[in-house]
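Chain by chain, the residues run as shown.
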Amino acid sequence: INKLNEKEAWSIIIFIFSIIIFFSIIGFNFTSPEHPDSVGGSSNYLLGKFGAYISFYLITKTIGIFAIVIPLILLAIAYAMFFKKNISEYLIKSSYIVFLAVFCATVFDKILEIFFINMHLRSLSGTIPIMINNAIYGSADHPGLLGPIGFWLLMPTIMIILISFLFEISLYDLLIRIIEK
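All values reported here derive from a predicted model rather than from experimental measurement.

Novice: Explain the overall build of the protein to me, using residue names and the numbers behind them.
Specialist: Helix and strand counts for the protein stand at nine helices and zero strands. Written out in order from the N terminus, the α and β elements of the protein read α-α-α-α-α-α-α-α-α. Burial status across the protein gives 32% buried among its 181 residues. Restricting to contacts in the protein with at least 6 residues of sequence separation, those with at least 24 account for 62%.

If you want it as structure tokens, here you go:
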């Protein structure tokens, strides 16, 4: 097997894996996220028990509903590999998307915490954003590193910077154009 055929084969495997993850996530039961073992024999998930495990762990244990970026990133990488594009460019953009998803999930978690006390809903934001939220904003048990004001200044700023990196927008040029008008 030469290198080109091997790369094409891996891109097809990644593509199929991204489709499986995507269908697992959209098939997740958002109204009552329960561990797949507690569901019992009858599973309403699109990919059965396998899809239930994938979606449960990706949504509740990583970055919540923003885990939908994972199959999209894998799909972009599979595209780049199959059509022999520059993969490093796709990986850089993918890292921006992952970080943006993490910070969006963190803000989403804080909104869920403020407006919806129910912990079962907070599981939709994932464990990582809950930990970031508790570290920066704080919780009832301990004060955060930056507190509420620091949290609400830091999170949107980081998200704006990541969006500017992702779309290659100069914030300086944008600010100058706004000031000149």
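What follows continues from the structure just given.
Novice: Give a description of the packing of helix H5 (residues 87-115) against helix H7 (residues 127-136) that names residues and reports values.
Specialist: For any two helices packed against each other, the geometry comes down to the angle between their axes and how far apart the axes lie. Contact geometry for H5 and H7: axes closest at 8 Å, N-to-C directions at 75°. In terms of orientation, H5 lies roughly perpendicular with respect to H7. Every residue of H7 that contacts H5 at Val-102, Ala-105, Thr-106, Asp-109, Lys-110 and Glu-113 is listed here: Ile-128, Pro-129, Ile-130, Ile-132 and Asn-133. Taken together, the residues that form the contact of H5 with H7 break down as six nonpolar, two polar and three charged.

Novice: Describe in detail the pattern of salt bridges, supporting the description with residues and values.
Specialist: On inspection of all chains with the given rule, the structure shows five salt bridges. Of the charged contacts in the structure, one is a salt bridge between Glu-8 and Lys-84, with a shortest N-O distance of 3.2 Å. Highlighted residues: Glu-8 in helix H1 (residues 3-26) and Lys-84 in the loop between helix H4 (69-82) and H5, separated in sequence by 76 residues. A salt bridge links Glu-113 to Arg-122, with the nearest nitrogen and oxygen atoms 3.6 Å apart. Judged by relative accessible area, Glu-113 falls into the partly exposed class, the value being 25%. The exposure class assigned to Arg-122 is buried, which follows from its relative accessible area of 9%. Taken together, the shared-partner salt bridges connect Asp-109, Lys-110, Glu-113 and Arg-122 into one network.

Novice: Go over the nonpolar core with me, naming the residues and quoting the values.
Specialist: Membership of the largest hydrophobic core comes to 19 residues, with the highest contact counts inside it found for Ile-25, Leu-58 and Ile-63. Residue assignment for this core shows that the elements contributing at least two residues are H1, helix H3 (48-63), H4 and H5. When neighbours within four sequence positions are excluded, Ile-63 is seen to be in contact with Leu-58, Val-69, Ala-101, Val-102, Ala-105, Ser-125, Gly-126, Ile-128 and Pro-129. Of all hydrophobic cores here, the second largest spans eight residues; its members include Leu-100, Val-107, Met-155 and Leu-162.

Novice: So, the packing of aromatic side chains: which residues are in play, and what are the values?
Specialist: One pass over the structure, following the stated rule, counts eleven aromatic pairs. For the pair Phe-28 and Phe-30, a centre-to-centre distance of 5.1 Å together with 75° between the ring planes defines the contact as edge-to-face. Between Phe-56 and Tyr-57, the ring centres sit 5.2 Å apart and the planes meet at 85°, which makes this aromatic pair edge-to-face. The partly exposed category is assigned to Tyr-57, whose relative accessible area is 36%. In this structure an aromatic cluster arises from ring pairing among Tyr-79, Phe-82, Phe-83 and Tyr-90. Here the guanidinium or amino end of Lys-110 rests over the ring plane of Tyr-137, the centre of that ring lying 3.5 Å away.

Novice: Outline H7, supporting the account with residue identities and numerical values.
Specialist: Taken together, the buried positions of H7 are occupied by Pro-129, Ile-130, Asn-133 and Ile-136. Taken down its axis, H7 places every buried residue within 145° of arc, on the same side. A positive phi of about 105° marks Gly-138, the residue just after H7.

Novice: Just give me the short version of the environment of Thr-106, but keep the residues and values in it.
Specialist: With respect to the helices and strands, Thr-106 occurs in helix H5. Classification of Thr-106 as buried rests on a relative accessible area of 0%. Between the C-alpha atoms of Thr-106 and Tyr-137, which are 31 residues apart in sequence, the distance is 10 Å. Leaving out residues up to four positions away in the same chain, Thr-106 has contacts with Pro-129, Ile-132, Asn-133, Phe-151 and Met-155. Within the structure, Thr-106 has its side chain in polar contact with the backbone oxygen of Val-102 (distance 2.8 Å).

Rules behind the numbers
- Residues numbered from 1 in each chain as written.
- Predicted model: local features only at pLDDT ≥ 70, side-chain atom pairs only at ≥ 80, totals over all residues.
- Heavy atoms only, no water.
- Helix = DSSP H or I, 4+ residues; strand = E, 2+ residues; numbered from the N terminus.
- Buried < 20%, exposed > 50% of the residue type's maximum accessible area, 1.4 Å probe, protein only.
- Contact = heavy atoms within 4.5 Å.
- Axes fitted to C-alpha atoms, helices over the stretch in contact; angles between N-to-C directions.
- Parallel < 35°, antiparallel > 145°, perpendicular 65-115°, else oblique.
- Nonpolar A, V, L, I, M, F, W, Y, C, P; charged D, E, K, R; others polar.
- Salt bridge = Lys/Arg side-chain N within 4 Å of Asp/Glu carboxyl O.
- Core = buried A, V, L, I, M, F, W, Y, C linked by side-chain atoms within 4.5 Å.
- Phe/Tyr/Trp six-rings, centres within 6.5 Å; stacked < 30°, edge-to-face > 60°.
- Lys NZ or Arg CZ within 6 Å of the ring centre and 35° of its normal.
- Arc of directions from axis to C-beta.
- Polar contact = N/O pair within 3.5 Å; in protein donor to acceptor, adjacent residues only side chain to side chain.

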